[in-house]
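One-letter residues, chain by chain:
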Amino acid sequence: MKLYKIGALMLGLMVLSSCDKYLDLTPTGSQLVTTTQDFYELVAWPNRAYPINNFQYLVDDQWMRESHVIGVAKNINTINFLFDESEDRVNRITSSSMYNQAYKYIGQWNNIISLVDGSTGDEALKQLAKAEAKIFRAYDHFLLVNVYAKAYDPATAAQDGGICLMDKYDLEAVPTKSTVQQAYDFIQRDIEEAIPYLQETPTNVYHPSLAFAWAFKAKVHLFKREITQAKAAIEKAMSYQNELIDLVAYAKQGGPTVLPMPAANNPEIMSYMYINGYNEMNFGYNYLLSPELTSMFQKEDRRFTLFFNKTSTSLQDAGAGTSYYDMRFTNFFFPTVGIKTSELYLMLAECYTREDNYINAIETLNTLRKKRIEGDAAILSTPSTRKETMELVINERRKELPFGYHRFFDLKRLNTEPEYAKTLERKFPIVNKTVPQQTYRLAPNSRLYIIPFPLDVMERNPNIRPNTDEKTPF
């Protein structure tokens, strides 16, 4: 089989809208991919994007302008925003960019893993290329299982429907659906096989580092409530990368408009991946923070004062109490999907909390907060119970990780534990007086948290059906 370079060695793997579709090789380039170095360079995919449009409003952190809801024909956004379980989602999600993109990337990782051993080059570089492809393959499956299936619950994961696992380059594959347990087993196996061969300092930022791999390993353990293993992995990740930006000092120096911090200069980034693309936060006004989240920021919190706007009325409803991200990506790069160092501190604080070590948990939170919040307002007092301490950890996660997948995944995983489960409440509208205000609620066990597979995927593969009780039209 001949493989060709496309542009800067971007392989032409066009995985269509289902994971049972074939991987088409498009020979539009002119240079053959034959060496191990070629395959290694194929791991670097600079603009990987994972759209959130099928579920971004199923959280308490995001908001919609009233004119985008009132008088508008029902669509997946309004259904999610108003927590409407009575509406048909299956027929509205006819396709999914997130699903297509994730499996396209998985196709590339599988191609590298399957074919690099037959290339000409150094054996150590072959092992490195395979390891890097495996850690990215695991990450893509992690995103998919947490969108399209139930959150991992130790009591039910072996029975809960999962996703299709693509573990090899196979043009004839018509995969079946795994369980959630099988998906996590696959993810963890890839991580464990990859870590021994990864580098502390890769060739460039688009190759995965050891710090990212250990941080990702920690996150998977945390989602499974394997606290001892999660904590050990966090400490390992922090031994490679743990720097936090001092936003308090940064603000005093003039902040992003005076001292830009583009992507290459942001020391907190552990992986480069996006919702839509590297410049997505130029369009941050499309991601309104809810009145609830906006109100949670203290006036001394530089995470808010440096980057968010709550006074402009041209891009949000005046009087609604919302806010939006208001900083060009060239002035400050804000990662939305991957992992950054501040999440390590938040995960570590959660591990301490679950071990009932509240003093260390709050010390860890305060270490982060002192880099974000000016003065005494940064210091939290230590609660006396696990639930109170956990609430502080969760609130800090919301303020530190407001975009992308973070809150959606957190709600799903925490809703499997009664002591942390939350019924979301949304009063809407706030400003418009011509429409009666109602309170909309989303129960912790709502099926809305499990996104149906795209309709075009299910049409092509009878093995794939929603992980809810929703019906397909065929």
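Definitions and limits used
Residues numbered from 1 in each chain as written. Predicted model: local features only at pLDDT ≥ 70, side-chain atom pairs only at ≥ 80, totals over all residues. Heavy atoms only, no water. Helix = DSSP H or I, 4+ residues; strand = E, 2+ residues; numbered from the N terminus. Rg over C-alpha atoms; globule rule 2.2 N^0.38 Å. Buried < 20%, exposed > 50% of the residue type's maximum accessible area, 1.4 Å probe, protein only. Pairing = 2+ DSSP bridges. 1 Å grid on protein atoms, 1.4 Å probe; cavity = no way out; pocket = protein on both sides within 12 Å on 5 of 7 lines; lining within 4 Å. Points joined across faces, edges and corners; volume = space filled by probe spheres on them. Nonpolar A, V, L, I, M, F, W, Y, C, P; charged D, E, K, R; others polar. Axes fitted to C-alpha atoms, helices over the stretch in contact; angles between N-to-C directions. Left-handed = near helix turned anticlockwise from the far one by under 90°. Contact = heavy atoms within 4.5 Å. Core = buried A, V, L, I, M, F, W, Y, C linked by side-chain atoms within 4.5 Å. Expected span 1.5 Å × (residues − 1).

A. Structural context of the overall build of the protein chain. When you go through the protein chain residue by residue, the secondary structure sums to 15 helices and ten strands. Its C-alpha atoms give the protein chain a radius of gyration of 22 Å, near enough to 23 Å, the size a compact globule of 474 residues would have. Dimensions of the protein chain, computed from C-alpha atoms along their principal axes, come out at roughly 65 × 50 × 45 Å. Going through the 474 residues of the protein chain one by one, you find that 59% of them count as buried.

B. Spotlight on the sheet that holds strand β6 (residues 288-289). If you walk across this open sheet you meet the four strands as β3-β6-β8-β7, and the pairing is antiparallel. Edge positions in the sheet fall to β3 (62-63) and β7 (308-309), since each of these pairs with one other strand and no more.

C. Geometry of the layout of surface pockets. Estimates place the volume of the largest pocket at around 350 Å³. Taken together, 19 residues make up the lining of the largest pocket; nearest its centre are Pro202, Val205, Ser209, Gln241 and Ile269. Considering only residue class, the lining of the largest pocket consists of nine nonpolar, eight polar and two charged.

D. A look at the packing of helix α7 (residues 227-240) against helix α11 (residues 341-354). Put simply, α7 and α11 touch, their axes get as near as 10 Å, and they point 150° apart. α11 is crossed by α7, and the crossing has left-handed handedness. Between α7 and α11, the residues in contact are Ile227, Ala230, Lys231, Ile234, Ala237 and Met238 and Leu344, Tyr345, Met347, Leu348, Cys351, Tyr352 and Arg354, respectively. Here the contact of α7 with α11 is composed, by residue class, of eleven nonpolar, no polar and two charged.

E. Quick peek at the environment of Ile464. Considering the arrangement of structural elements, one finds Ile464 in the segment after α15 (455-460). Since its relative accessible area comes to 1%, Ile464 is described here as buried. With 300 residues separating them along the chain, Ile464 and Cys164 place their C-alpha atoms 7.9 Å apart.

F. Representation of the packing of helix α6 (residues 210-223) against α11 in the model. Here α6 crosses α11 at 35°, and the two axes come no closer than 11 Å. Judged by the sense of rotation from one axis to the other, the crossing of α6 with α11 is left-handed. Facing α6, whose interface residues are Ala215, Ala218, Lys219 and Leu222, α11 presents Glu343, Leu344, Met347, Glu350 and Cys351. Looking at the contact of α6 with α11 residue by residue, the class counts come to six nonpolar, no polar and three charged.

G. Seen up close, the nonpolar core. With 135 residues, the main nonpolar core has Phe216 and Tyr405 as its most contacted residues. Examining the composition of this core, we find that 15 residues originate from one element, helix α4 (residues 123-148), more than from any other. With sequence-adjacent residues up to four places away left out, Phe216 is seen in contact with Ile135, Ala138, Tyr139, Phe142, Ile187, Ile191 and Ile339.

H. Structural detail: helix α12 (residues 358-369). Along its twelve residues, α12 runs 16 Å from first to last C-alpha, staying within 8% of the 16 Å computed at 1.5 Å per residue. For α12, the full list of buried residues reads Tyr358, Ala361, Ile362, Thr364, Leu365, Asn366, Leu368 and Arg369. The inward-facing, buried residues of α12 abut α11 and α13 (386-400).

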